[in-house]
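# A structural walkthrough
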Amino acid sequence: MNVTIMDYGAGNVTSVERALRRLGATPSRTDRREEIASAERIVLPGVGHYGALIAALDRRGLRQPLLGAISRGAKFLGICLGLQVLYASSEEAPELAGLGLLQGQVSQLPPTVKLPHMGWNRLERSENSRLLDGISSDDYFYFAHSYAAPSSGAEAAALCGYGREFMAVLERDNIFGVQFHPEKSGAPGAKLLENFLRIT
Amino acid sequence: MSLAHRIIPCLDTDGARVVKGVHFEGLRDAGNPVELAARYNAEGADELVVLDIAASRDNRPTFIQTISRVAETLSIPLAAGGGIRSLEDARSVVRAGADKITVNTSAVEHPELISELSREFGAQAIVLAIDAKRHGARWLVHVRGGREATDLEAIVWARRGVEMGAGEILLTSMDKDGTQSGFDLELTAAISRAVTVPVIASGGAKVPSHFLDVFTTGAADAALAASIFHDRVQSIRALKEFLQQSGVQVRLPC
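Residues numbered from 1 in each chain as written. Chains lettered and ligands numbered in written order. Predicted model: local features only at pLDDT ≥ 70, side-chain atom pairs only at ≥ 80, totals over all residues.

The helix and strand inventory of chain B stands at 10 helices and 12 strands. Here the C-alpha coordinates of chain B stretch approximately 45 × 40 × 40 Å along the principal axes. Burial status across chain B gives 54% buried among its 254 residues. Restricting the contact set of chain B to residue pairs at least 6 apart, pairs at least 24 apart contribute 65%. (Helix = DSSP H or I, 4+ residues; strand = E, 2+ residues; numbered from the N terminus. Buried ≥ 20, exposed ≤ 12 C-beta atoms within 10 Å, placed from the backbone. Contact = placed C-beta atoms within 7 Å.)

Sheets are built from strands paired through backbone hydrogen bonds, the pairs being either parallel or antiparallel. All names here are of chain A. Reading across from one edge, E2-E1-E3-E4-E13-E12-E11-E8 is the order of the eight strands in this open sheet, with mixed pairing throughout. Since the sheet does not close on itself, it has two edges, and those belong to strand E2 (26–30) and strand E8 (124–125), each with one partner. Here strand E1 (residues 2–6) runs beside E2; their pairing, made up of five bridges, is parallel. Bridging across to E2, Thr4 finds its partner in Ser28. (Pairing = 2+ DSSP bridges.)

This brings us to the interface of chain A and chain B. The parts lose accessible area when they come together, and the size of an interface is often stated as this lost area. The partner chain B presents 26 residues to the 30 residues of chain A that form the contact. If you list the elements that add at least two residues to the side of chain A that touches chain B, you get helix H1 (13–22), strand E7 (117–122), strand E9 (140–145), strand E11 (156–162) and helix H6 (186–198) of chain A. The dominant element in the side of chain A that touches chain B, judged by the number of residues it contributes, is E7(A), at six residues. Classifying every residue of the side of chain A that touches chain B by side-chain character gives 13 nonpolar, 12 polar and five charged. (Nonpolar A, V, L, I, M, F, W, Y, C, P; charged D, E, K, R; others polar.)

Another aspect to go through is helix H1 (residues 33–43) of chain B. When we look at burial in H1(B), the residues that qualify are Pro33(B), Leu36(B), Ala37(B) and Tyr40(B). Mapping the buried residues of H1(B) onto a view down its axis gives an arc of 100°, with all of them on the same face. (Arc of directions from axis to C-beta.)

A few words on the sheet that holds strand E6 (residues 102–108) of chain A. Residue and element names in this part refer to chain A. Within the open sheet, the three strands sit side by side as E5-E6-E10. Their pairing is mixed. Two strands bound the open sheet, and with one partner strand each, they are strand E5 (87–90) and strand E10 (147–148). With two bridges joining them, E6 and E10 adopt antiparallel strand pairing. Looking at E10, one finds that Ser107 is bridged to Ala148.

With that out of the way, let us pick up the pairing of E11(A). Residue and element names in this part refer to chain A. Counting buried positions along E11 gives six out of seven residues, so the element sits mostly inside the fold. Note that E8 and E11 share two bridges and pair antiparallel. Among the inter-strand pairings, Glu124 is bridged to a residue of E11, identified as Leu159. With six bridges connecting them, E11 and strand E12 (residues 164–172) associate as antiparallel partners. Paired with Ala156 across the strands is Leu170, a residue of E12. Where E11 folds back on E12, the antiparallel hairpin that results is connected by one residue, among which Gly163 adopts a positive phi of roughly 80°.

Right under this line is the structure:
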């Protein structure tokens, strides 16, 4: 199966590519507008600064092709920052507009806990998540972030708690997002990516 | 729900092979990094650190290749370092598949390197490694593999490193390293309480109770060890089972 990985010149895209390849998929990395516009299955990995990701997308003119592909029905999976950019904005770079597909603002986790939220944590999941199918609530996933999306919204498929509750897995129609790194989360992470590949 | 305490095996390499020795002296071969990485990945390690302790310029291409081959085998995060002196060095390590970059001597000499790397890769990718040794009532930072003392206080340096953009501290006690007498609980707790980022304790581990102590009294967020895992003195699985039974939250993969 072909999967288009958006490669905007930052972050560790290689590990996402390797994880998908291990599952038998055929990932291709690109930052070309036409390839993203016509993609059927898109993964947007992201680490680092929200502002850097938004700026990189806009500098390459990828915002409209991506929004076009999603509205056409392409399956989209945002990882970490790739989830956060689905929202209207982020406290991390309030002057920049996010993709705005979801309501609300990404905000920093409270200073009552050590930041970044770094390491393995469990999820509080809803019953009918497509991405978490076959994954136990005892399973851990690897997180590395200081900002997170609000925990409210019908798109919530799983929440996580660290300082406050936040969105860990979101699903709405063909739009999916995970705050953790499935490509770094051992067997449960691989299962989640496999579930994404199977969504029709 | 809460964050699990991490167990992190460390591969000290000469670029190509895993080596071991006390305080970087009397090095001997301890195995193939790719084989060890695969074993730790399967045994339930939460993360892996790979260091080039030779850190010479000539060695770089070999070490980058090692990182790439190790990363290929892992489905857990990988931190790599040793001899990272510039943004370009860091880029090559990340491109090879590392999720995090550790910096030590060059950050002491040029603290702005921390900010530069943090801006490029994000704070979560920058691990400030500190080798600390007790001098009277204070702990001082050592550089060049611990061989050279500085007049920098470890607590002050840890705080400064975090201000400059480090997202994690890898704290090695020079006094405890290689002794197998337990982590330096006092040092670890002092640094852990002084900073707002996670602290990985290193140096001195042998038995499971050492890990329990460093997660409780030492207030560490993660604990690192090398030879006890390489030599199969301690299995990661059994260690984690002990910690869970002792009330410390850990990730036990099935």
